[in-house]
Amino acid sequence: MSLLSHFCRRIRLTGPISVGELMQDVIMDPKHGYYPQAARIGHKGDFITAPELTPVFGEIIGAWSLLYWQQAKLSTNVHFAELGPGRGTLMRDIIDTVGIIGPAFFGKAPKLSASLVEISEQFIAEQEKLLCGNVKNPITPQQIFDNPNYLSRTGLHKARFKWYSMLDHMPDDRPTLYVMNEFLDALPVNQFQKTEEKGWVEIMVDVEKDENKLFYATYKTGRSIKVDQDTDLAKLPVGTQIEHSPMSGKVVTALAERIAKSGGAALIIDYGEDQMSTELTFRAFKDHQQVNPLEDLGLCDLTADVNFRDLKKSIADVDGIKAHGPITQSSFLTLMGIGERFRQLYSRVPEEKQDSIIHAHNFLCSPEEMGDRFKVLCVTRESDPVPFCFEGAST
C-alpha cells in the first residue's frame, strides 16, 4: 500500500491528521518513508547540504571541536556523535581533520571515536563504506535495532565508529561533541492559525470524499486549545499562522541533559530564526525544486524552518546548561577562518577549478545563500568556558 493510500484510508477511518503526523510518517515509515528508502542528497539529489558542497565545512567543524576540547580541558580521548549523518561526509571530514591536526593540540595523536544515530539502510551502508572502507558483513538497520549496544567498526584514523537507531540507545558516560547539521528541520511540526470565531485552530490534513487527494483544513483540537491558553500568543492578531515542533524540543533537551551529566558540547546548525515565525514554512523539495508536500509522498524531502527561540527555551529548563547564540553560519565560518582556507585552496587548484572554490565560499557564506539563513547554536555546561566564536552571544 502506498503512503497516499495509507493516509486516505487512515483519515477516512479515524479522521483528519496533524501536519506533524503526516510529516513523521512520510519521513520515517520503514517501507515507504523518504529517509529509510528514497532520500537523495547532493547535486543529483533533492537537496544539497554544506558538507556535500565542500570538505572545508567539515574541516571547520573539526577545528572548532579541537579548540573547544582544549578550552574545556578535556582528555585526549575525543568522542563525537552525529544525529542524522546523511552519507557520512561531515563525520569523515571532522575525523580526518582532527586526526591530522589533533597531535599539534594534544602533543600526541588523540584517541578518536564516533557515534552515528541513523535509521536509513541506504545511508548506513554509505556511512560504513566512507568511514570504514569496504566491509565483509555490512551493518543493517535490523541489527542496530536488535543490538543497540555493540555494533561497531574501526575506520579512518583508527577511530571506532558505532551506530545506533536512536539517541536513547547511545551511552552518556563520557564527554561528547554532538553535531546536528540540517537534522532538526526534518522533525515534525504542528501548524496553527488564529481565527476570529474559534480562537486558535489547528491546520490538519484531510482527504477528499470521492478521490484519493489530500488537502488542508482547520479544526479545533486539543493541541489548539493549549495554544489558546498561551498568554503570549493571545496578543497575536487574527490570521496569524505559527508552527511548533515538540520533537525538536525533546531532542535538544536530551542533548542538554547528556552534556550536564558527562560534559562536552552540542553544535546545532540549521536554517531558521531566533524568533517565532508568523508564517508557515513546512514545504517539500524534489530535484532541488519546491513541490506540493501532499503529493509524491515518500519521494520528496519534507522540511520546516527551525525555531531557535523555542530550542533555547527547552535548553534553559536543564540545570547547569547554557545556550550560546545562535549566530549566523557566515559569522561562525568567518571567525573560524574559512576565508583564508578558501584562499589557500584557490591558489593551489588548477584554473578550471577555481570557479568551484568561489561558488562554494559564496554558497556557504553569502547572505543570499546559506550565510544568514543558517544559524549556529552551541550548548555547553554553564561552568565551561564560552566557546570560541560565541563570545557575547550567550543566554
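So, here is what we can say about the structure in this document.

### What about the sheet that holds strand 13 (residues 289-291)?
Working step 1: Here we have three strands laid out as an open sheet, ordered 13-12-14, and antiparallel in their pairing. Across the chains shown, the open sheet's two edge strands, defined by having one partner strand only, are strand 13 and strand 14 (301-303). With strand direction ignored, the average angle separating the axes of adjacent strands in the sheet is 40°.
Working step 2: Inspection of the sheet shows strand 12 (residues 283-286) paired to strand 14 by three bridges, in the antiparallel sense. Within strand 14, the residue paired with Ala284 across the bridge is Leu302.

### Thoughts on the nonpolar core
Working step 1: By size, the foremost hydrophobic cluster in this structure holds 57 residues, and its most contacted members are Trp64, Phe161, Phe332 and Leu364.
Working step 2: For this core, the leading source of residues is helix 5 (residues 55-71), giving nine residues.
Working step 3: Ignoring anything within four residues of it in the chain, the contact list for Leu364 reads Ala50, Leu53, Thr54, Phe57, Gln329, Leu333, Ile338, Phe342, Met370 and Gly371.
Working step 4: Judged by nonpolar contacts, the second largest core, of 28 residues, contains Ala81, Tyr164, Ala256 and Val306.

### Examining the packing of helix 5 against helix 6 (residues 89-106)
When two helices pack together, their arrangement is captured by the angle between the axes and the distance separating the axes.
Working step 1: The geometry of helix 5 relative to helix 6 is characterised by a closest axis approach of 8 Å and an angle of 45° between their N-to-C directions. The angle between helix 5 and helix 6 falls in the class oblique. In this structure, helix 5 meets helix 6 at a crossing whose hand is right-handed. Between helix 5 and helix 6, the residues in contact are Pro55, Phe57, Gly58, Glu59, Ile61, Gly62, Ala63, Leu66, Leu67, Trp69 and Gln70 and Leu90, Asp93, Ile94, Thr97, Val98, Ile101, Gly102, Phe105 and Phe106, respectively.
Working step 2: In the contact of helix 5 with helix 6, the residues fall into 13 nonpolar, five polar and two charged.

### Brief notes about the packing of helix 14 (residues 338-348) against helix 15 (residues 351-365)
Working step 1: Closest axis-to-axis distance for the helix 14/helix 15 pair is 9 Å, and the angle between their directions is 170°. Of the possible angle classes, the one that applies to helix 14 and helix 15 is roughly antiparallel. Both helix 14 and helix 15 take part in a crossing whose hand is right-handed. Facing Ile338, Gly339, Phe342, Leu345 and Tyr346 of helix 14, the residues of helix 15 in contact are Gln354, Ile357, Ile358, Ala360, His361, Leu364 and Cys365.
Working step 2: Looking at the contact of helix 14 with helix 15 residue by residue, the class counts come to nine nonpolar, three polar and no charged.

About the criteria used
- Residues numbered from 1 in each chain as written.
- Predicted model: local features only at pLDDT ≥ 70, side-chain atom pairs only at ≥ 80, totals over all residues.
- Heavy atoms only, no water.
- Pairing = 2+ DSSP bridges.
- Helix = DSSP H or I, 4+ residues; strand = E, 2+ residues; numbered from the N terminus.
- Axes fitted to C-alpha atoms, helices over the stretch in contact; angles between N-to-C directions.
- Core = buried A, V, L, I, M, F, W, Y, C linked by side-chain atoms within 4.5 Å.
- Buried < 20%, exposed > 50% of the residue type's maximum accessible area, 1.4 Å probe, protein only.
- Contact = heavy atoms within 4.5 Å.
- Parallel < 35°, antiparallel > 145°, perpendicular 65-115°, else oblique.
- Left-handed = near helix turned anticlockwise from the far one by under 90°.
- Nonpolar A, V, L, I, M, F, W, Y, C, P; charged D, E, K, R; others polar.

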